[in-house]
Amino acid sequence: MPPTPTPTPGPGAPRVRERGDACPGALRLHSADDGHLARLRLPAGRLTARQVEVLADAAESLGDGRISVTSRGNAELRGLADGCGAELAPLLVEAGLLPSPTHERVRNIVASPASGLDGLGSADVQLWARELDERLCATPWAAGLSGRFLFVLDDGRGDVTGLGGDVTLVAVDPRTAHLHLGGRAVRVAAADAPRAALTAARAFLTAARAAGTGAWRVRELPEGHGADVRDVRGVQDVRGVQDVQEALVAEEVPEPVLPQGPPPAPGPLGPAALHVLAPLGRLTAAQLRALLPADEVRLTPWRGAVVVGAGPDRTPALDAAGLITRPDSPWAGVSACTGRPGCAKSLADVRADAVPGRPGLPVHYSGCERRCGHPHGDWVDVLAAPGGGYLVDGAPAPRTDLAPAVTTARTAPRTTR
Ligand code: SF4
């Protein structure tokens, strides 16, 4: 589903939104050219084995038989028929995938997917994600966040800090976390980290309501109305945003820096987990089921899945299922938006036109300038052009010459975007 671009306030006046965000959810479906679309929020991308089966069955019985993995590690079902929401919702509720109908679109939590599995990182932020999700769903005012507001929980390795979180928690050591909000940070006890993240979201809502511009995300707050990270310490009682949380001990961090690290490569993660990627970010129902048996599956922001409980001996079977299991796979790092025929805005069937290539920078194919779902950081932009053909980082490339043009762009030295 195409994201709405960040608003750009005109000179002298912040943009004021008159409406709430239109992000799809599991209950609020989006109408696309290939049918309805349901986006299912999966905090930290987590699915139990039973939920994997339910999702695969739902894709086959109600949708087009595929599951898209989003750049936040959520799951989308496409090709849903009119009125199928009445069938989908009970399936999801029964599987524990819709714990709070009122909060289903605000459970946007990304966490380091390998946390707790490979011995890296300073804390198991997957546990933080579960606590934060429980607190979020149990807090009535949190339903007022937009469907785009993002919590990012990084275990210190820096793999998810670049994903543009509104509230970012970073494990500094086993006892301490830094909470980042609007360019500033406070130090909190690791045990308080999930509660602090929720309190920071409350500080954002308070600031957004005071600004009156309808901001959905922290970066959209107008100048002079920033969310104050120091509010994480205390209890506020602001009209419309009330709760009774205890005050937190939180000291401001001078000159905070977010750690930056690479995403995990496809392959083994420690002795009992595997990271695989979905070709072009989409899994067939059969490929999703091929991840089982598993203790749990964690969909990742890199459009893959961490299979917890799977040793290296599972690699051949996952390979045979068509999943990307090696970093040198020609499809590793290649992603595409929906394109034709699913999106009316698209100038091309970008998924059919995408070509494999030599490993290098991530590459993303887009059917129009919105570039939905593009990677973060540095990446190669392949944009469908009017009249056929593509622009590779702005340079024209006919469809027949895409492979060499993309390979050159992925492997040539370049300056960071
Ligand atoms: S063509 Fe692609 S980038 Fe453009 S709106 Fe559709 S899905 Fe998004």
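Residues numbered from 1 in each chain as written. Predicted model: local features only at pLDDT ≥ 70, side-chain atom pairs only at ≥ 80, totals over all residues. Heavy atoms only, no water.

So, the overall build of the protein chain
Item 1. Regarding its fold elements, the protein chain presents eight helices and 23 strands.
Item 2. Over its C-alpha trace the protein chain gives a radius of gyration of 21 Å, about what one expects of a compact globule, namely 22 Å for 417 residues.
Item 3. Considered along the principal axes of its C-alpha atoms, the protein chain spans approximately 60 × 55 × 50 Å.
Item 4. Burial status across the protein chain gives 54% buried among its 417 residues.
Item 5. Taking contacts inside the protein chain between residues at least 6 apart in sequence as the whole, the part at least 24 apart equals 65%.
Item 6. Across the protein chain, the 44 positively charged side chains and the 46 negatively charged ones have centroids separated by 4 Å. (Helix = DSSP H or I, 4+ residues; strand = E, 2+ residues; numbered from the N terminus. Rg over C-alpha atoms; globule rule 2.2 N^0.38 Å. Buried < 20%, exposed > 50% of the residue type's maximum accessible area, 1.4 Å probe, protein only. Contact = heavy atoms within 4.5 Å. Lys, Arg positive; Asp, Glu negative; His and termini not counted. Charge placed at Lys NZ, Arg CZ, Asp CG, Glu CD.)

Observations regarding helix H8 (residues 402-411)
Item 1. Among the residues of H8, those classed as buried are Leu402, Val406, Thr407, Ala409 and Arg410. Seen end-on, H8 carries its buried residues on one side only, within an arc spanning 165 degrees.
Item 2. Packing partners of the buried residues in H8 comprise strand E19 (334-336), helix H7 (350-353), strand E20 (363-366), strand E21 (380-384), strand E22 (390-392) and strand E23 (395-397). (Arc of directions from axis to C-beta.)

As for the confidence of the model for the protein chain
Item 1. Here the protein chain shows a mean pLDDT of 90. Residues at 70 or above account for 92%.
Item 2. Across residues 1-11, where pLDDT falls below 50, the model places 22 contacts with residues more than four positions away in sequence or in other chains.
Item 3. Contacts of residues 235-242 to residues separated by more than four positions or lying in other chains number 21 contacts, the stretch itself having pLDDT below 50. (pLDDT = per-residue confidence, 0-100.)

Digging into the nonpolar core
Item 1. Residues Trp128, Leu145, Phe151, Leu153, Leu179, Leu181 and Phe204 are the most contacted members of the largest nonpolar core, which totals 44 residues.
Item 2. Those elements that provide at least two residues to this core are strand E6 (109-111), helix H3 (125-137), strand E7 (151-154), strand E8 (167-173), strand E9 (176-181), strand E10 (184-189) and helix H4 (193-211).
Item 3. Counting residues per element, this core draws most heavily on H4, at 11 residues.
Item 4. Membership of the second largest hydrophobic core comes to 39 residues, among which are Leu42, Leu55, Val69 and Ala278. (Core = buried A, V, L, I, M, F, W, Y, C linked by side-chain atoms within 4.5 Å.)

A closer look at the packing of aromatic side chains
Both the distance between ring centres and the angle between the ring planes are used here to describe each pair of aromatic rings.
Item 1. One pass over the structure, following the stated rule, counts three aromatic pairs.
Item 2. With a centroid separation of 4.9 Å and an interplanar angle of 35 degrees, the aromatic rings of phenylalanine 149 and phenylalanine 204 are classed as tilted. Note that phenylalanine 149 is positioned in the loop between H3 and E7 and phenylalanine 204 in helix H4, a separation of 55 residues in sequence.
Item 3. A relative accessible area of 1% places phenylalanine 149 in the buried class.
Item 4. On the basis of an interplanar angle of 80 degrees and a centroid distance of 6.3 Å, the ring pair of tyrosine 365 and tyrosine 390 is categorised as edge-to-face. Pair noted here: tyrosine 365 is in strand E20 and tyrosine 390 is in strand E22, with a separation of 25 residues, a long-range link. (Phe/Tyr/Trp six-rings, centres within 6.5 Å; stacked < 30°, edge-to-face > 60°.)

As for the sheet that holds E23
Item 1. If you walk across this open sheet you meet the five strands as E19-E20-E21-E22-E23, and the pairing is mixed. Each end of this open sheet is capped by a strand with a single partner; those strands are E19 and E23. Direction aside, the axes of adjacent strands within the sheet are offset by 25 degrees on average.
Item 2. Pairing between E19 and E20: three bridges, direction parallel. Note that in E20 the partner of alanine 336 across the bridge is tyrosine 365.
Item 3. Those strands touched by H8 are E19, E20, E21, E22 and E23, and its axis lies near 20 degrees from that of E22. (Pairing = 2+ DSSP bridges. Axes fitted to C-alpha atoms, helices over the stretch in contact; angles between N-to-C directions.)

Considerations on the packing of H3 against H4
Think of two packed helices as two axes; the pair is described by the angle between the axes and how far apart they sit.
Item 1. At a closest axis distance of 8 Å, the pairing of H3 and H4 adopts a crossing angle of 45 degrees. In this view, H3 runs oblique relative to H4, as classed from their interaxial angle. As for how H3 packs across H4, the hand of that crossing is right-handed. Residue-level inspection shows Trp128, Glu131, Leu132, Arg135 and Leu136 of H3 in contact with H4, the latter providing Ala193, Pro194, Arg195, Ala197 and Leu198. (Parallel < 35°, antiparallel > 145°, perpendicular 65-115°, else oblique. Left-handed = near helix turned anticlockwise from the far one by under 90°.)

Topic: the pairing of E9
Item 1. Of all six residues in E9, six are buried; the element is thus mostly enclosed.
Item 2. A two-sided burial pattern is seen for E9, the buried positions comprising Thr176, His178 and His180 on one face and Ala177, Leu179 and Leu181 on the other.
Item 3. Relative to E9, E8 runs antiparallel, the two sharing six bridges. Note on E9: the bridge partner recorded for aspartate 173 is threonine 176.
Item 4. Of the pairings in the sheet, the one linking E9 to E10 comprises six bridges and is antiparallel in character. Note that in E10 the partner of alanine 177 across the bridge is valine 188.

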